[in-house]
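Chain by chain, the residues:
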Amino acid sequence: MTVAVLAVQGAFIEHEAMCRRLGAECIELRKKEDVERQFDALILPGGESTAQGKLLRELGMFGPLRRKIADGLPVLATCAGLILLAESADNDGRTWFQTLPATVRRNAYGRQLGSFYAEAPFASLGAVPMTFIRAPYIKSVSPGVEVLAEVGGHIVAVRYGAQLAMSFHPELSGDTRIHELFLRSV
């Protein structure tokens, strides 16, 4: 299995390490030609969603990736990746792929100083470690979107079709269960 990891900005190396640890091959998406390579799944990492979205467009990757996601390519999206997938953000007029029928709130927990760690139940996995860094949360979801985790009364992880999206960074812990769940779904 080959997992493509968006590698234009953000925490992509940690996702690659986690996937390789679980036996998957990884390729980095840095330019339009990379999107034309064969891969079975995609990871949209945390980082800065505006910078990632702008680079995706400037590098000619936005359209081809959006089509692949809309056609059912399995996607794991964390933090900024969640914002890239979301249909809308209630505190920002910019939108990107719009393949996840949900509304997010960018930087919902404040600036860098508002970053925090929690452990909370995640679907059938039990309690998992969750690192939130200038994180969004999911304000609302449309019918058909499965809520997988909540922290402090806010939705922080969802699944919609082949899209698995969360506010936090599972790649920053040693816990592989979320990546395992994703890879099993591919």
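This text gives an overview of the structure that appears in the document. (Residues numbered from 1 in each chain as written. Predicted model: local features only at pLDDT ≥ 70, side-chain atom pairs only at ≥ 80, totals over all residues. Heavy atoms only, no water.)

**Things to note about the nonpolar core**
Here is step 1 of the chain: Core analysis: the largest hydrophobic core is formed by 33 residues, its most contacted members being Leu29, Leu42, Leu44, Leu65, Leu85 and Phe97.
Here is step 2 of the chain: At four residues, helix H5 (residues 80-85) tops the list of elements feeding residues into this core.
Here is step 3 of the chain: Apart from residues lying up to four places away in sequence, Leu29 is in contact with Ala4, Val5, Leu6, Ala7, Val8, Asp34, Val35, Phe39, Leu42, Met61 and Leu65.
Here is step 4 of the chain: In this structure, Val3, Ala41, Met130 and Leu181 belong to the second largest nonpolar core, which totals 31 residues. (Core = buried A, V, L, I, M, F, W, Y, C linked by side-chain atoms within 4.5 Å. Buried < 20%, exposed > 50% of the residue type's maximum accessible area, 1.4 Å probe, protein only. Helix = DSSP H or I, 4+ residues; strand = E, 2+ residues; numbered from the N terminus. Contact = heavy atoms within 4.5 Å.)

**A word on the packing of aromatic side chains**
Here is step 1 of the chain: Applying the stated criterion across every chain, the model contains seven aromatic pairs.
Here is step 2 of the chain: Through a chain of ring-to-ring contacts, three or more aromatic side chains come together here, namely Tyr109, Phe116, Phe122, Phe132, Tyr137 and Phe168.
Here is step 3 of the chain: Of note, Arg57 hangs over the ring of Phe62, and the distance from its end group to the ring centre comes to 4.2 Å.
Here is step 4 of the chain: Against the face of Phe39 rests Lys68, its NZ or CZ located 5.1 Å from the ring centre. (Phe/Tyr/Trp six-rings, centres within 6.5 Å; stacked < 30°, edge-to-face > 60°. Lys NZ or Arg CZ within 6 Å of the ring centre and 35° of its normal.)

**A short note on the pairing of strand E8 (residues 127-132)**
Here is step 1 of the chain: One ladder, built from six bridges, connects strand E7 (residues 116-121) with E8; its direction is antiparallel. When the bridges of E8 are listed, Tyr117 appears paired with Thr131.
Here is step 2 of the chain: What sits between the antiparallel neighbours E7 and E8 is a turn of five residues, in which Ala123 has the positive phi angle 40°. (Pairing = 2+ DSSP bridges.)

**With respect to unusual backbone geometry**
Here is step 1 of the chain: In the Ramachandran plot, Gln98 falls in the positive-phi region, its phi being about 55° despite a non-glycine side chain.
Here is step 2 of the chain: Here Gln98 lies in the loop between strand E5 (86-89) and strand E6 (100-105).
Here is step 3 of the chain: If you check the backbone angles, Ala123 has positive phi at about 40° while not being a glycine.
Here is step 4 of the chain: In this structure, Ala123 sits in the loop between E7 and E8.

**Some details on the pattern of salt bridges**
Here is step 1 of the chain: Considering all chains together, one arrives at eleven salt bridges under this definition.
Here is step 2 of the chain: For the salt bridge of Asp90 with Lys139, the shortest nitrogen-to-oxygen distance reads 2.9 Å. Here the residue Asp90 occupies a position in the loop between E5 and E6, and Lys139 occupies one in strand E9 (residues 137-141), the gap between them amounting to 49 residues.
Here is step 3 of the chain: Using a relative accessible area of 31% as the deciding quantity, one classes Asp90 as partly exposed.
Here is step 4 of the chain: With its nearest N and O atoms 2.6 Å apart, the salt bridge here joins Asp175 to Arg177.
Here is step 5 of the chain: Given a relative accessible area of 26%, Arg177 falls into the partly exposed group. (Salt bridge = Lys/Arg side-chain N within 4 Å of Asp/Glu carboxyl O.)

**A look at the environment of Ser115**
Here is step 1 of the chain: Within the secondary structure, Ser115 is located in the loop between E6 and E7.
Here is step 2 of the chain: Separated by 19 residues in sequence, Ser115 and Arg134 have C-alpha atoms that sit 5.6 Å apart.
Here is step 3 of the chain: In this structure the side chain of Ser115 is engaged in a polar contact, spanning 3.3 Å, whose partner is the backbone nitrogen of Arg134. (Polar contact = N/O pair within 3.5 Å; in protein donor to acceptor, adjacent residues only side chain to side chain.)

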